[in-house]
Amino acid sequence: MILRPGSDDGRLPAASRGSVDGAPEGVLAVRAGHGANCSSVGSVVDLLFAASVGGGALLVAIAAAFEERERTLVEAEGAAPPDGADGGGPASSDGEDPDAGAR
Amino acid sequence: MRARAEPFGAWIRLDEPPALVAIDKPLARRLRVLPDDAWSEARLPRRARPLEVHLAVTERCPVGCPGCYLDATPGGHHPSTEELRARLDAIDALGAFTVAFGGGEPLVRRDLDELARHARSRGLLPVLTTSGVGLSPARVDELRSFAQINVSYDGDDAVMIGSRGTDARAAERALTLLSARGVRVGVNVVVSRHSFAHLETTVAAAARLGASEVQLLRYKPAGRAVGLRYLADRLDGVQIAALPALVRSLVGSAGVPLRIDCALVPFVVDERVSPGDLAAWGVFGCEAGRHLAIVRADGAVAGCSFASPTAPGPLDEDALAHPALASFPAHADALPAPCSDCPFRAACRGGCRVVAAHAGHAADADPECPRVVAFRRREGSPT
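Residues numbered from 1 in each chain as written. Chains lettered and ligands numbered in written order. Predicted model: local features only at pLDDT ≥ 70, side-chain atom pairs only at ≥ 80, totals over all residues. Heavy atoms only, no water.

Looking only at helices and strands, one finds 16 helices and 12 strands in chain B. Its C-alpha atoms give chain B a radius of gyration of 20 Å, within 12% of the compact-globule value 21 Å for 383 residues. Expressed along its principal axes, the backbone C-alpha trace of chain B runs to roughly 55 × 55 × 40 Å. By sequence separation, contacts in chain B at least 24 residues apart represent 66% of the contacts at least 6 residues apart. As displayed, chain B offers around 13,600 Å² of accessible surface, 52% of which is attributable to carbon and sulfur atoms. (Helix = DSSP H or I, 4+ residues; strand = E, 2+ residues; numbered from the N terminus. Rg over C-alpha atoms; globule rule 2.2 N^0.38 Å. Contact = heavy atoms within 4.5 Å. Areas by Shrake-Rupley, 256 points an atom, 1.4 Å probe, with all protein chains shown as cover.)

Here it is in structure tokens:
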């Protein structure tokens, strides 16, 4: 279970080395929080300098969120016949458009 | 769960825990966050699109900070509600995840709740930055649609008077009001020559007043903070050299998560952190025109809040291709020396272009980066 720095088409930064243990397989990068500043993009540095604490907890929470989604998908499949391509998953709890994911 | 297809897989936004996560295609398919044809050539965008957009909802501000990066005034441009709704629709159409309301002072508007709800209805996560001036208990209740509110707070009265020309009362009252009423609140601290010495007490005070995170922002030359004012107020070399240790100390002691802005990356990273960890934890350096775009109050579009060149609105694929935005990621693809050989180039992307432009030319290396300063000293170039 390794968090791998991504490198693809300039969308994620190429990085020569480094990894963070504890992330679900397939996770390439994590930006914590909401990014609430109106002038610059911010990155939480606790995760870099104290990764064994805050970073580990965040990765565990992300893994739990993914497991919950997979469990929900399996249960939905068991409850209803498949109807083709998924439209982006269930609506989020804050009332977003269910199709908002397909962008 | 909002998701956006990318060549590598997808970006997804989690509400709990609050995070943006880049995942590869196999995981994206397993989680079924997007339809199967999301990665078809016809549907994948031609260039990187913003994860976060900053929306200036007004240029008006009653405070008049001497170092305001926008040169905001009480009589600045003030777009209508309908104009801002249309801009939010355009931001949504690009697939951004977060929209950060700023100004000027956003609280001069009475339609913030309506606009935040509109952003939510489109799947965007609205957040807001304020000086706190004009905030009352009733107004706090109008701001509950925002996922987080950040208050500009550089320190106690002496620091705030030096940096913003006003005391700390409004900011401290806003922090107390927001946190007491259950609104997630953060603090923006501009790290300048004057605020630097007070950072530990400022961060501690922010935590005591209820802040759930503190973001440190590099002081940048824009708006009223240009020329001699910028040179007098920016961090000096000794402070820059001391910053990595100070940030590490704050991480261990502040009791509140600490965030740095993209322009501080060249000051804070050193050999104790690996480039791979920086990338994995989403420290991408200069984000302008790539993961970040700006919609100004007059509707013009820019790569960064501090950058002068603008493209005509609306914010769309054409605007992203305009040199005012596209020149930023292009610069990172062809960095000048010494950035071209720097081990942190992927996570820093050449430092701050706005600072480089103020010093002479935007295509040059960030002249305040300690590695650039050392390189130029070795080469005998002017620093």
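All names here are of chain B. Listing the buried residues of helix α16 (residues 370-379) in full gives V372, V373 and R376. Each buried residue of α16 lies within a common arc of 100° when the element is viewed along its axis, so the set occupies one face. Opposite its buried face, α16 presents the exposed residues R377 and R378, each directed more than 90 degrees away. With its phi angle positive at about 75°, G380 sits one or two positions after the end of α16. (Buried < 20%, exposed > 50% of the residue type's maximum accessible area, 1.4 Å probe, protein only. Arc of directions from axis to C-beta.)

Counting 108 residues, the largest nonpolar core has F66(A), I12(B), V21(B), I23(B), L243(B) and L315(B) as the members making the most contacts within it. For this core, the element with the highest residue contribution is helix α9 (residues 237-253) of chain B, accounting for 6 residues. Leaving out residues up to four positions away in the same chain, I12(B) has contacts with F66(A), M1(B), R2(B), A3(B), A19(B), L20(B), V21(B), I23(B), V33(B) and F97(B). Grouped together as the second largest cluster of nonpolar side chains are 16 residues, V190(B), C286(B), F328(B) and V355(B) included. (Core = buried A, V, L, I, M, F, W, Y, C linked by side-chain atoms within 4.5 Å.)

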